[in-house]
Structure formats: C-alpha cells, structure tokens
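# Chains, contacts and geometry: an overview
Each chain is listed here by its residues.
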Amino acid sequence: MNTYDADVVILALDRPAETEAAIASALGQRGLRHHVVVVDQGSHPDTLARLARAVTGKDATLVSLGRNVGVAAGRNRGAATGRGRMIVGLDNDAVFATPDTLAAAVAALDADPTLAAIGFRILVEHTGEDDLLSWGYPSALLARAGDTFDAATFVGAGHALRRTAWEQAGGYDEALFFCWEELDFCLRAIAQGWRVRYRGDIEVRHKVSAERRLDWADGRWFQFVRNRLYIARKQGQSWPALLPRAGAYLLKGARNGLAAETLRAIGAAARMGAGARGAPTSAEQRAYLDRHDRAHRGTALSRLRTEVLARLPGSA
C-alpha cells in the first residue's frame, strides 16, 4: 500500500468560514507528504458546497456522512479514509500555529516509536493564551503548558496518532459519541504498552467558535458523566467502586443546576455498561497512570475543592 506521512482529519458541522480556514491551514503545511480528510456530519447544503469547493483540485477528500454520527465515529471514518503513517486531528475552528507544525508532530512521533499519541498545546487564537477549556490534564500541570511531559490522554482539538497504534487499539469507541473518547483510546493503548505525550512546543490556535458548540446545560454534562462512568466500567471497575465518583458527579451536577441530568447520565451509563466490565487494570498500566496522571491531582480534599465544587463554565 502506498503510504505517506500523515492524514489531517477535520470534522465539519457548519461553521463554514472557520472550517475553510482549518482546511487552508492543513493544506498549507510543508516539509512532509500529507493528505487532508474533511468529514462532514450534516452541514447545511450551502456549507457543504463551500467545503467541496475548498477541497476541489487539492490533496484533500471530502466525506459527507449526511448526519452527525459523533466525534468518535467521525474521526474513525476520517482515519479509515486515508493511508498516512500518522493521523492528525484538527478542530474545524482551529488552525496550525505555523506552516511547520504538522511536520514537527510527525517528527515527534517518529523520534519515539513507543508513542501512540501526542497532544498539542491549544492556544486561544485572539489572545495567544492557553485555552483553559481545552486543558485536559491535571490542573497542577498548567504551569508546564509550554513543556513536554508524558500523560494519560490528549486533547482532541489538536493531536497526532500513530496509525499502527490506532489500529491496534481498535480506534475510537463510537458508543461514546462525544466526550472522553480520547481518554478511552489512550487507556486501551497504554494497556497495550504504548505511551502518550503532551508537547507544549507544538501548537494550534483555537477560535473557540460558539456555533454548533455543545454547552454544559445542553447535553455536554450528560455526555461527560455517562461516558466517564462507562469507561471506568470498561476498565474493570465495579459499580460499588464507582459510587464515590458517581456521588461526586451528582454533587457537582446539583451545584450547577443539573441534578436531574446527572441522574439520567448515571442511569444511561449503567445501561451502557451492562455486561461491559473489562479486565482489571494491569500493574504496568496502574503504574503508568499513577506516575503521569494521579501523582499530579493532589489529595482527595484538594480535588473536592478544585474539581467537584467548582462551577461548570457557562452554567447557571
């Protein structure tokens, strides 16, 4: 099979101007052989026509799914369309920071064959500051946003995967639809001996577009709670062991006016996870997660203050 360095997968759902900018940024990357795959998930026909024009005659492919199948399934479709050694994800309201960003990401994966994935630094386009809504790592590590460190996950707005690791782990779990799909992938990859790394020197600029963005009160919190509990079940945790986590979610949901939504999410997780309990986490996987994630999360009391009692952004 004739392969090349990387596929850049961009999921599209309206936001025509922002998506065109993302496509242009991906096409303008230099120093490697790459292909751009735009996966449209039910945009307005006018938007779809604009995206078709944006890729016509370019080293790019537009895949129209006709409906929103979710982030996990959309990324799987995009990754399966290409043949690049690496699979790079870019949000459709983001752009690469420089014309050499993509080449730097591929070089980072090539330099360490144990890496399944790297997460990029996500900056707010208009300010150049770190996008705090896209910080998916322990808050204690925010001071090291410009550094490099091993991690348990990455942020989907800008990331790169090794195709062999993506295939070995089975891609994204499409049952998740949206939220935590990156963590689920990474946990499965880590269980197979791969590692994940954050690279603060590889950056994308994020417009944080409000259009088509799922707010916490409009379903994001439901997906957050349901999916995280489901992933824990897949990792071998019993429901009695999950009671403290579920209780913390219920407390935070109640504090943000989303108690009913939290209960609905817990019930949905129980139905999703029925019979889905996986093998217990191995000693090697636990050691990796302890070293690169849990060690930075502080005591139970500090986590209660910073994670459970905190308000959700934009919630009442």
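The structure we're discussing is the one just above.
Residues numbered from 1 in each chain as written. Predicted model: local features only at pLDDT ≥ 70, side-chain atom pairs only at ≥ 80, totals over all residues. Heavy atoms only, no water.

Another aspect to go through is the overall build of the protein chain. Within the protein chain, the secondary structure is distributed over eleven helices and nine strands. Computed over its C-alpha atoms, the radius of gyration of the protein chain comes to 19 Å, within 12% of the 20 Å expected for a compact globule of 316 residues. Reported as C-alpha extents along the three principal axes, the dimensions of the protein chain are approximately 55 × 40 × 40 Å. Going through the 316 residues of the protein chain one by one, you find that 53% of them count as buried. (Helix = DSSP H or I, 4+ residues; strand = E, 2+ residues; numbered from the N terminus. Rg over C-alpha atoms; globule rule 2.2 N^0.38 Å. Buried < 20%, exposed > 50% of the residue type's maximum accessible area, 1.4 Å probe, protein only.)

A few words on the environment of L251. For L251, the location among the structural elements is in helix α8 (residues 239-255). What makes L251 partly exposed here is its relative accessible area of 42%. Separated by 19 residues in the primary sequence, L251 and A270 place their C-alpha atoms 18 Å from one another. Beyond its immediate chain neighbours, meaning those up to four positions away, L251 contacts L304, V308 and L309. (Contact = heavy atoms within 4.5 Å.)

With the rule as written, the count across this model stands at zero disulfides. C179 carries a free sulfur, and the closest cysteine sulfur to it, the one in C186, is 14 Å from it. (Disulfide = S-S within 2.5 Å.)

All right, on to the environment of R205 then. Position of R205 among the secondary structure elements: in strand β9 (residues 195-206). Note on R205: relative accessible area 29%, which makes it partly exposed. Sequence separation between R205 and D131 is 74 residues; the distance between their C-alpha atoms is 8.9 Å. Among all residues touching R205, those that are not within four sequence positions of it are D93, A94, V95, L123, V124, E125 and G128.

What follows deals with the environment of A24. Counting through the fold element by element, A24 comes out in helix α1 (residues 16-27). The spatial distance from the C-alpha of A24 to the C-alpha of A54 is 8.0 Å, given a sequence separation of 30 residues.

When we look at burial in helix α2 (residues 45-55), the residues that qualify are T47, L51, A54 and V55. Angularly, the buried residues of α2 cover 85 degrees about the axis, an arc narrow enough to put them on a single face. In this structure, α2 carries P45, D46 and R53 as exposed residues pointing more than 90 degrees from its buried face. The secondary structure elements touched by the buried residues of α2 are β1 (4-12), α1, β2 (34-40) and β3 (60-64). In the stretch just after α2, G57 is the one whose phi turns positive, near 75 degrees. (Arc of directions from axis to C-beta.)

Grouped together as the largest cluster of nonpolar side chains are 71 residues, with contacts concentrated most on V8, F96, I118, F120, F154 and F185. The residues touching I118, leaving out its near neighbours within four places in the chain, are A105, A108, L109, F154, H159, A160, R197, R199 and I202. With 17 residues, the next largest nonpolar core counts V225, A232, L258 and A265 among its residues. (Core = buried A, V, L, I, M, F, W, Y, C linked by side-chain atoms within 4.5 Å.)

On inspection of all chains with the given rule, the structure shows 13 aromatic pairs. With a centroid separation of 5.0 Å and 70 degrees between ring planes, the pair formed by W135 and Y137 is classed as edge-to-face. Here W135 and Y137 have matching classes, each one buried. Seen in terms of ring centroids, Y137 and F149 are 5.8 Å apart; in terms of plane orientation they differ by 85 degrees. Their pairing is edge-to-face. In this pair, Y137 is assigned in the loop between β6 (115-124) and β7 (148-151) and F149 in strand β7, connecting sequence segments twelve residues apart. Comparing Y137 with F149, the two get one shared label, buried. Feature note: the residues W180, W216, W221, F224 and Y249 constitute an aromatic cluster, connected by ring pairs. (Phe/Tyr/Trp six-rings, centres within 6.5 Å; stacked < 30°, edge-to-face > 60°.)

All right, on to the pairing of β1 then. With nine of its nine residues buried, β1 lies for the most part within the structure. The pairing of β1 with β2 spans seven bridges and is classified as parallel. Looking at the pairing, A12 lines up with D40 of β2. One crossover worth recording links β1 to the parallel β2 by way of α1, and it is right-handed. (Pairing = 2+ DSSP bridges. Right-handed = clockwise from strand over helix to strand, strands pointing away.)

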